Amino acid sequence: AQKVTQTQTSISVMEKTTVTMDCVYETQDSSYFLFWYKQTASGEIVFLIRQDSYKKENATVGHYSLNFQKPKSSIGLIITATQIEDSAVYFCAMREGNSGTYQRFGTGTKLQVVP
Amino acid sequence: EAAVTQSPRNKVTVTGGNVTLSCRQTNSHNYMYWYRQDTGHGLRLIHYSYGAGNLQIGDVPDGYKATRTTQEDFFLLLELASPSQTSLYFCASSERGDNQAPLFGEGTRLSVL
């Protein structure tokens, strides 16, 4: 069964530092897609970055990058040079490629960036 | 501009009441989804649809009905609302394709007293 787990409930970091948020997943499919989203204080949910299971290279978009460790079923989100406006809740999600028709989400990690 | 619009944004009803949440997307997307968000549970899928007239159940469908009347419009119905359905509800839409990230609406906060 498809499952996504985020064990970090909240993280606090200093501005301009690098933070990594963890996510592990379970799937029986050989093909799957992993996503990270950001939910701002206003409630808006925004897609950030995606990793396709068949790609070995870690995805990077702006100051977001992924640490994809397939043998460990892990997909960490790395934010470099954090800014105050990165403070938000971050969700990891997975969609199976062969049998999945929708994404399942983790429970989220609340990130606070302090000056 | 791609958009998913939900209405109402806030709703208060009483136990046993009838509630309809509306969602409209102007993205020509095939897929539409209804999620609920609760503390400690993240986002959980209630119902989704491939297109007009199609309906699929998600992970937490009990107590909810949905209807996709057109490509653009997807409705979530609570016919006998219960306090356990107090939640933040999100509608989303996406292109066909497993690697497509849904575009989310602004959310509807529902309180069942």
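Residues numbered from 1 in each chain as written. Chains lettered and ligands numbered in written order. Predicted model: local features only at pLDDT ≥ 70, side-chain atom pairs only at ≥ 80, totals over all residues. Heavy atoms only, no water.

A.B. asks: So what's going on with the overall build of chain B? Residues and values would help.
C.D. replies: Check the secondary structure of chain B and you find 0 helices and 11 strands. Here the C-alpha atoms of chain B give a radius of gyration of 13 Å, agreeing with the 13 Å that 2.2 N^0.38 yields for 113 residues. Its C-alpha atoms give chain B principal-axis dimensions of roughly 40 × 30 × 25 Å. In chain B, which comprises 113 residues, the share counted as buried stands at 48%. Taken as a whole, chain B presents about 5100 Å² of accessible surface, with 49% of it coming from carbon and sulfur. (Helix = DSSP H or I, 4+ residues; strand = E, 2+ residues; numbered from the N terminus. Rg over C-alpha atoms; globule rule 2.2 N^0.38 Å. Buried < 20%, exposed > 50% of the residue type's maximum accessible area, 1.4 Å probe, protein only. Areas by Shrake-Rupley, 256 points an atom, 1.4 Å probe, with all protein chains shown as cover.)

A.B. asks: Any chance you could break down the packing of aromatic side chains for me, citing the residues and the numbers?
C.D. replies: Scanning the entire structure with this criterion turns up 19 aromatic pairs over all chains. Judged by centre distance (6.2 Å) and plane angle (15 degrees), the ring pair of B:Tyr31 and B:Tyr33 falls under stacked. Of note, A:Arg95 hangs over the ring of B:Tyr31, and the distance from its end group to the ring centre comes to 5.4 Å. (Phe/Tyr/Trp six-rings, centres within 6.5 Å; stacked < 30°, edge-to-face > 60°. Lys NZ or Arg CZ within 6 Å of the ring centre and 35° of its normal.)

A.B. asks: Give me the lowdown on the confidence of the model for chain B, citing residues and values where you can.
C.D. replies: Atom-level detail of predicted coordinates should not be read off regions where pLDDT is low. Per-residue confidence for chain B gives a mean pLDDT of 94; residues scoring 70 or more make up 100%. For chain B, per-element mean pLDDT is lowest for strand S6 (residues 56–57) of chain B, which scores 94, and highest for strand S3 (residues 19–25) of chain B, which scores 98. (pLDDT = per-residue confidence, 0-100.)

A.B. asks: Explain the sheet that holds strand S1 (residues 4–7) of chain B to me, using residue names and the numbers behind them.
C.D. replies: Residue and element names in this part refer to chain B. The strand order across the open sheet formed by 4 strands is S1-S3-S8-S7, and the pairing between neighbours is antiparallel. At either margin of the open sheet sits one strand with a lone partner, and together these are S1 and strand S7 (65–68). Within this sheet the neighbouring strands show an average axis-to-axis angle of 15 degrees, counted without direction. Note that S1 and S3 share 4 bridges and pair antiparallel. Along S3, the bridge assignment pairs serine 7 with serine 22. (Pairing = 2+ DSSP bridges. Axes fitted to C-alpha atoms, helices over the stretch in contact; angles between N-to-C directions.)

A.B. asks: Any chance you could break down the pattern of salt bridges for me, citing the residues and the numbers?
C.D. replies: Throughout the structure, instances matching the rule amount to 7 salt bridges over all chains. With a closest N to O distance of 2.7 Å, B:Asp59 and A:Arg104 form a salt bridge. Remark: A:Arg104 occurs in strand S11 (residues 104–105) and B:Asp59 occurs in the loop between S6 and S7; the pair is interchain, linking two chains. Among the residues examined, B:Asp59 registers a relative accessible area of 34% and is labelled partly exposed. Look at the salt bridges and you will find they share partners, linking A:Arg50, A:Asp52 and A:Lys55 into a network. (Salt bridge = Lys/Arg side-chain N within 4 Å of Asp/Glu carboxyl O.)

A.B. asks: Tell me what's going on with the state of the cysteines, and back it up with residues and numbers.
C.D. replies: Residues and elements named next belong to chain A. Summed over the entire model, instances satisfying the criterion amount to 2 disulfides over all chains. Across the disulfide, cysteine 23 is cross-linked to cysteine 92 (sulfur-sulfur distance 2.0 Å). Residues cysteine 23 and cysteine 92 are joined through a disulfide that is left-handed, its torsion about the S-S bond being -70 degrees. Of this pair, cysteine 23 sits in the loop between strand S3 (19–21) and strand S4 (24–26) while cysteine 92 sits in strand S10 (residues 88–96), placing them 69 residues apart in sequence. (Disulfide = S-S within 2.5 Å.)

A.B. asks: Before we move on, can you summarise the nonpolar core with the specific residues and values?
C.D. replies: One finds A:Trp36, A:Ile75, A:Leu77, A:Tyr90 and A:Leu111 to be the most contacted residues of the largest nonpolar core, which totals 25 residues. Taken together, the elements giving at least two residues each to this core come down to strand S2 (10–14), S3, strand S5 (32–39), strand S6 (45–52), strand S8 (64–69), strand S9 (74–79), S10 and strand S12 (109–114) of chain A. Per-element accounting of this core gives the leading share, 4 residues, to S10(A). In contact with A:Leu77, other than residues within four places in its own chain, are A:Val19, A:Thr20, A:Met21, A:Trp36, A:Leu48, A:Ile49, A:Tyr64, A:Ser65, A:Leu66 and A:Tyr90. Grouped together as the second largest cluster of nonpolar side chains are 18 residues, A:Tyr102, A:Phe105, B:Leu45 and B:Tyr48 included. (Core = buried A, V, L, I, M, F, W, Y, C linked by side-chain atoms within 4.5 Å. Contact = heavy atoms within 4.5 Å.)

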